[in-house]
Every structure is written in C-alpha cells, then in structure tokens.
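Below, each chain spelled out in residue letters.
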Amino acid sequence: MATQQELLIKIRGDIADIQTKLNKVQKDVSKTEKSFANVKKAMLKIGKVGAAAIGSVSAATAGLVAIGAKYSGEVQQTEFLMGRLDATTQELINTKAKEAQAMGMTEKQYRDSAASLGTFMKSMGMTTEEANKLIPQMVQLAADGAAFANVPMDEAMAAISSAAMGNYEALGKLNIEMSDALINNSSYAQELGKTTQEMTTAEKTQAIYNAMLERGTHLTGFAASESDSFSTQLQLTKTKVSEAAGALGEKLLPLFTPLIKAIGDMADKLKQAVDFFVSAYDATGNFTEALAATADYMGLPW
C-alpha cells in the first residue's frame, strides 16, 4: 500500500500533468477570440444542462418524499383519532378492516373512514353503543354507493360525512335522496317522536345516519357484487399502488429529506460556478485564469 508521502507525490505529479495539458488547451483556444466565445457558451450550456439534470433528480426525489409525507400524515391522523375512541370501537374497526377488500377498499381506507366516522359520532354526543352499531353500516353504505356510482371510496365517504353535517345534496352522487322531511318520516324519528327541529344534536345525527341507511337500501350488496369487476379491481389496485408508494416514501423520508437539500445545494453551486467562470473570463480574457479563479472560488484544489 502506498504511503501518504507517495500519494502526495503522485497527486502533485497528476496536477502538474493536468496543468501542462490545460496550458496546451489554452494555447489552442487562444488562437481566436471566437474560440473563447465558444468556450464561454459551452460553459453556460454545461451549467444549464447540469442544473436541469440535478433539478430533475431533485424533483423526482421530492415527489416520492411528498407522497411519503402525505401518507405518514394520514396514518398518524388515523392513529390519533383511533386513540380517542373507546377500546371496543377500536377493536371493532380493526376487525372489520380485515374484511375491507371484499368491499372494494384497502384496510387503510377502512380504518381511515371508520376512525373519522367514530370521532364525528362521539363529538356529536352519540354513545359508544350507538356508534359501534352504525360505523360498520355507514362504511358499508359508502362502499355500496362508491361501487354503484363508480367513484372512489374516499369520495363516497366524504359525501356521507358532508350529509351528516346537513349538506344533504352531497348524497346526490350516490343516488340517495335526503331532506329534513324524509328524516322526519324515517323509522328512527317516528319511534323517537320528534322532528329534526326538536331533536338534540346527538339524536339528529343518529336520525340522519339511520335515514341514509333507509334511503340507500337500493344500494345494498352492490359492493359485494362488483368486488370482482374490472372497474372495482382497477380502483382497488390504484389505491394499493398509491399506498405502497406512500409507505415507501414514509420509510425513506428520514434519508431523502437531507438528500433533497444536498441536491438543491449542488444545483446552486453548479450555477454559481458557471456564473463565476463567465464573469472571470469576461474580466481576464484568459481561459486558464478564469478556470483557476473558479476553482479557488469553489474551494477546489488547482
């Protein structure tokens, strides 16, 4: 193995050889001012191409990181919501999630939807027993509605959540008609003996959900019957691929975040080097001096 002294001697020899060759290059390119202008243009082009290439790598990496960050945020949000629910509700959701694929959705989609539903029901004052009964029914209704209307599960779930807050028109995309009059005529309201104007917040929320189930009976079983269809399997596959990309991005997030910064810094330095070289060449008119000044500016040995 070469000693440090031998390596230094070799490096100095290599540098001297490079400088000799550069001197020869300078003599060749110094023949005409046009040659120098071409070198300047070439350096600018190199800088632009290099920066663009680095930018492309950075953009691709940033895209994966962004997907991972979004996925990680969704997972954390669901875990947070699940933690606020009763233990029996958590167990119910986790158990039902294992059957999600038969409804045309992933386990993550089921848990996200059910956790959000459970949290909303709890915030509206519904009891754990009432919520545990309705959560699976409402997720199933969303799945049936999504299969019927050929829309993503997330859209169907959003329509149901929106209707629960009074925006009944949102259910139109699932072919479910809803109004205060229909809610008042529902079996739940009739049994309660109250109109929506007289109900408590919890009662009205439960009345809306029960009315949705009654008005959506024509959708029952649609998700199961369509679970093997091309459109359902295609939508499910797209969701699985998206979640896989998110999971990958989440795992690589700690690595890619500093990498993106490093790539960005590299692009900045390349641009700075090209700009400095052009300025140095304009000032000196000498290729070698401009290159040497650029190397010094970038902190590189010359």
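Computed from a predicted model, the values in this text were never measured in an experiment.

What counts and how
- Residues numbered from 1 in each chain as written.
- Predicted model: local features only at pLDDT ≥ 70, side-chain atom pairs only at ≥ 80, totals over all residues.
- Heavy atoms only, no water.
- Helix = DSSP H or I, 4+ residues; strand = E, 2+ residues; numbered from the N terminus.
- Buried < 20%, exposed > 50% of the residue type's maximum accessible area, 1.4 Å probe, protein only.
- Contact = heavy atoms within 4.5 Å.
- Areas by Shrake-Rupley, 256 points an atom, 1.4 Å probe, with all protein chains shown as cover.
- Axes fitted to C-alpha atoms, helices over the stretch in contact; angles between N-to-C directions.
- Parallel < 35°, antiparallel > 145°, perpendicular 65-115°, else oblique.
- Nonpolar A, V, L, I, M, F, W, Y, C, P; charged D, E, K, R; others polar.
- Salt bridge = Lys/Arg side-chain N within 4 Å of Asp/Glu carboxyl O.
- Expected span 1.5 Å × (residues − 1).
- pLDDT = per-residue confidence, 0-100.
- Core = buried A, V, L, I, M, F, W, Y, C linked by side-chain atoms within 4.5 Å.

**Q** Which parts of the structure should I look at to understand the overall build of the protein chain?
**A** Helix and strand counts for the protein chain come out as 12 helices and zero strands. Of all 302 residues assigned to the protein chain, the portion counted as buried reaches 37%. Here the analysis covers contacts within the protein chain between residues at least 6 apart in sequence; of these, 68% occur between residues at least 24 apart. Of the accessible surface of the protein chain, which amounts to about 17,200 Å², a share of 58% is contributed by carbon and sulfur atoms.

**Q** Can you help me understand the packing of helix H6 (residues 153-164) against helix H9 (residues 201-215) in this one?
**A** The geometry of a pair of packed helices is captured by two quantities: the angle between their axes and the separation between those axes. Where H6 meets H9, the axes come as close as 9 Å, and the angle between the chain directions of the two elements is 135°. What the angle tells us is that H6 and H9 run oblique. Contacts between H6 and H9 involve Ile160, Ala163 and Ala164 from the former and Ile208, Tyr209 and Met212 from the latter. In terms of residue class, the contact of H6 with H9 is made up of six nonpolar, no polar and no charged.

**Q** Is there a simple way to think about the environment of alanine 158 in this case?
**A** Checked against the element boundaries, alanine 158 lands in helix H6. When the C-alpha positions of alanine 158 and alanine 170 are compared, they lie 8.4 Å apart, and in sequence the two are 12 residues distant.

**Q** Which parts of the structure should I look at to understand the pattern of salt bridges?
**A** Where side chains of opposite charge bring their charged atoms close, a pairing between them can arise. One pass over the full model with this rule turns up six salt bridges. The partner of glutamate 74 in a salt bridge is lysine 108, and the shortest N-O contact between them spans 2.8 Å. Of the two residues, glutamate 74 sits in helix H2 (residues 33-83) while lysine 108 sits in helix H4 (residues 107-123), which places them 34 residues apart along the sequence. If you follow the salt bridges from partner to partner, you end up with Glu74, Lys108 and Asp112 in one network.

**Q** Whenever I open this one, the side chain of serine 186 confuses me. Can you help?
**A** Residue placement: serine 186 occurs in the loop between helix H7 (180-184) and helix H8 (187-192). When its relative accessible area of 2% is taken as the criterion, serine 186 is described as buried. Non-local contacts of serine 186, meaning those with residues more than four positions away in its chain, are made with Ala211 and Glu214.

**Q** Could you clarify how one ought to interpret H6 in this entry?
**A** The terminal C-alpha atoms of H6, which comprises 12 residues, lie 17 Å apart, in line with the 16 Å expected from a rise of 1.5 Å per residue. Buried residues in H6 make contact with H4, helix H5 (128-149) and H9.

**Q** Can you walk me through the confidence of the model for the protein chain in this structure?
**A** As a general rule, the predicted coordinates of low-pLDDT regions are not to be interpreted in detail. With 61% of its residues at a pLDDT of 70 or more, the protein chain has an overall mean of 76. Low pLDDT (under 50) marks residues 7-11, which in the prediction has one contact with non-local residues, meaning those over four places away or in another chain. In the model, residues 32-36 has pLDDT below 50 throughout and makes seven contacts with residues more than four positions away in sequence or in other chains.

**Q** Would you explain the nonpolar core in this entry?
**A** Across soluble globular proteins, nonpolar side chains show a tendency to be buried alongside one another. With 51 residues, the main nonpolar core has Tyr110, Met121, Met138, Ile160, Tyr209 and Met212 as its most contacted residues. For this core, the secondary-structure elements that each account for two or more residues are H2, helix H3 (87-97), H4, H5, H6, H8 and H9. Ranked by the residues each element gives to this core, the list is headed by H5, at 10 residues.

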